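# A structural walkthrough
Below are the chains, spelled out letter by letter.
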Amino acid sequence: MRVVIIGSGRLGSRLVSVFSKRGDSLLVIEQNESKFMYIEDKQGVEFLVGDSTDEKIIRQALKKPADLVLVATGNDYTNIMIAQKIKIIDKTIKVIMRLFDVNLVTVYTELGIEVVCPTSLTIDALLKMPGLS
Amino acid sequence: MYIIIVGASKAGVNLAKTLLSGGHEVTVIDQDKPKVTLLSETFGDNIMLGNGANASVLKVAGANRADVVAALTGDDATNLVICQLTKLMFMTPRTISRVSDPANEEIFQSIGVDATINSTRILNYLIEEQVQAGDVVVPLFPLKGGDVELVQVDVPKGSHIIDKKIKDLGLPEGIIIVSIYRGDKTLIPKGETSFQQNDEVIAIVKKEHIDKIQQMFKGS
């Protein structure tokens with residue numbers, strides 16, 4: 001599977017490790033080149049430096065057809081704009097974005113974009129802890 | 001009407017003032033505390049501190065009864081979220097977004113923003129309009145009193161005044177040539193000074209003579 005990961009911060013860099021261990025083909029896009037150093041195993045990983053809210057960068061990243069795009073910059077609003085631009089360029093591609101703001105999760109799930117929300121996941125995990133359930 | 005403006009930029013503040021003086025109800029939201037404190041002297045309860053892309057903040061601002069939400073922050077992504085959030089969560093009838101990157105205009109409108117304002121495009125349009133109209137006189141600023149203006153006039157190719165001396169132009173009393181910018185130098189002209197193509201001329205002109213100076217400098 002070919003996976004595009006947008007953002008190479010704490011989440012993006014970990015995602016690279018996990019997916020490359022699975023044997024997937026990976027492309028990482030990051031605006032700030034120095035953040036590529038968070039990635040531990042760079043072997044076989046493609047890198048693209050650029051602003052992913054720019055349509056030209058998205059098109060360049062999708063030249064080789066991707067099966068999955070994970071939008072993982074640290075900013076909810078940036079992720080939302082990127083995810084929607086990708087959907088405009090290619091409706092069929094599977095896009096999952098990370099959003100911290102729970103209210104935004106409701107809005108964009110309604111708009112048909114898949115979302116992972118660390119805030120909700122943390123709350124769920126907390127409530128399952130011994131003594132809290 | 002009730003209008004919520006997110007982003008106390010110059011545009012946001014001036015829009016709020018205009019709308020308030022027109023009798024509308026307005027709330028301005030901005031997350032910069034010093035800015036909000038300063039502006040609250042003018043706007044009182046009409047300004048609110050908070051992140052305008054946050055649903056809780058918008059709820060307190062009364063987004064559910066707003067007729068228009070204007071997203072005027074300097075960040076395109078934030079503006080997009082403000083418009084989509086208010087549309088979907090608060091059923092705002094009309095959303096307007098400021099767009100800094102012209103490439104975003106069409107995209108924003110295709111995903112639910114009712115109107116976009118792009119200052120780059122507006123400027124381009126205004127300049128194009130000027131050029132098309134063939135105007136060579138560019139107003140710089142009005143002088144006190146209002147009926148006299150400082151203007152810039154360029155000498156285009158084929159202009160009637162090329163090689164003519166100022167003293168031979170028969171300038172009326174209401175036009176004074178102040179300076180001529182030629183090459184890299186600014187000349188203070190005398191009666192003997194003559195014009196050349198591409199001169200940038202600064203003049204003080206009575207408003208009633210603006211058409212006249214336009215005619216004099218016009219190209220072929």
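This one's a predicted model, so the numbers in the text were calculated from it and none came from an experiment.

### A word on the sheet that holds strand S3 (residues 45-49) of chain A
All names here are of chain A. Spatial ordering of the open sheet is given by S3-S2-S1-S4-S5-S6, a layout of six strands whose pairing is parallel. At either end of the open sheet lies a strand with only one pairing partner, and these are S3 and strand S6 (114-116). Recorded for the sheet is a direction-independent mean angle of 20 degrees between the axes of neighbouring strands. Here helix H3 (residues 76-89) sits on the sheet in contact with strand S1 (2-6), strand S4 (68-71) and strand S5 (94-98), set at roughly 175 degrees to S5.

### Structural notes on unusual backbone geometry
Backbone phi values are negative for most residues with the exception of glycine, while trans is the configuration of most peptide bonds. All names here are of chain B. Here the phi dihedral of aspartate 163 falls at roughly 70 degrees; this positive angle occurs in a residue that is not glycine. With respect to the element layout, aspartate 163 can be found in the loop between strand S8 (148-154) and strand S9 (175-182). Positive phi, normally seen in glycine, also occurs at asparagine 198, with a value near 75 degrees. By the element assignment, asparagine 198 lies in the loop between strand S10 (185-187) and strand S11 (200-206).

### What about the sheet that holds strand S2 (residues 25-30) of chain B?
Residues and elements named next belong to chain B. In spatial order, the strands read S3-S2-S1-S4-S5-S6; together these six strands make up an open sheet with parallel pairing. Where the open sheet ends on each side, the last strands, each with one partner, are strand S3 (47-49) and strand S6 (115-117). Strand after strand, the sheet turns through a mean of 20 degrees between neighbouring axes, direction not considered. Direction of pairing for S2 relative to S3: parallel, over a ladder of three bridges. What sits directly across from isoleucine 29, in S3, is methionine 48. Against the sheet, helix H1 (residues 10-21) touches strand S1 (2-6), S2, strand S4 (68-71) and strand S5 (94-98), its axis set at about 165 degrees to S2. Contacts from helix H4 (residues 76-90) reach S1, S4 and S5 within the one sheet, and its direction differs from that of S5 by about 175 degrees.

### Some words on the interface of chain B and chain A
Opposite the 16 residues of chain B that make contact, chain A presents 14 residues. Top element by residues in the side of chain B that touches chain A is H4(B). It accounts for nine residues. Among the residues making up the side of chain B that touches chain A, the classes are represented as eleven nonpolar, four polar and one charged.

### A few points about the pairing of S9(B)
All names here are of chain B. Pairing analysis gives six bridges linking S9 to S11, with the strands arranged antiparallel. From the neighbouring strand, isoleucine 176 faces S11, where its bridge partner is isoleucine 204. By the bridge criterion, three bridges tie S9 to S10 in an arrangement that is antiparallel. Residue pairing for S10: arginine 182 is matched across the bridge by lysine 185.

### Details of the environment of Gln214(B)
Residue and element names in this part refer to chain B. Within the fold, glutamine 214 resides in helix H7 (residues 210-217). Accessibility expressed as a C-beta count within 10 Å gives 16 for glutamine 214, which makes it partly exposed. Glutamine 214 sits 197 residues away from lysine 17 along the chain, and the two C-alpha atoms are 36 Å apart.

### As for the pairing of S5(B)
All names here are of chain B. Across the five residues that make up S5, a large majority, four, are buried. Relative to S5, S4 runs parallel, the two sharing four bridges. Its bridge partner being in S5, valine 69 is matched across the sheet by threonine 95. Taking the sense of rotation as the criterion, the β-α-β connection linking S4, H4 and S5 turns out right-handed. In terms of strand pairing, S5 meets S6 through three bridges, oriented parallel. When the bridges of S6 are listed, serine 97 appears paired with threonine 116. Handedness of the crossover joining S5 and S6 through helix H5 (residues 104-110): right-handed.

Conventions we followed
- Residues numbered from 1 in each chain as written.
- Chains lettered and ligands numbered in written order.
- Predicted model: local features only at pLDDT ≥ 70, side-chain atom pairs only at ≥ 80, totals over all residues.
- Pairing = 2+ DSSP bridges.
- Helix = DSSP H or I, 4+ residues; strand = E, 2+ residues; numbered from the N terminus.
- Axes fitted to C-alpha atoms, helices over the stretch in contact; angles between N-to-C directions.
- Contact = placed C-beta atoms within 7 Å.
- Nonpolar A, V, L, I, M, F, W, Y, C, P; charged D, E, K, R; others polar.
- Buried ≥ 20, exposed ≤ 12 C-beta atoms within 10 Å, placed from the backbone.
- Right-handed = clockwise from strand over helix to strand, strands pointing away.

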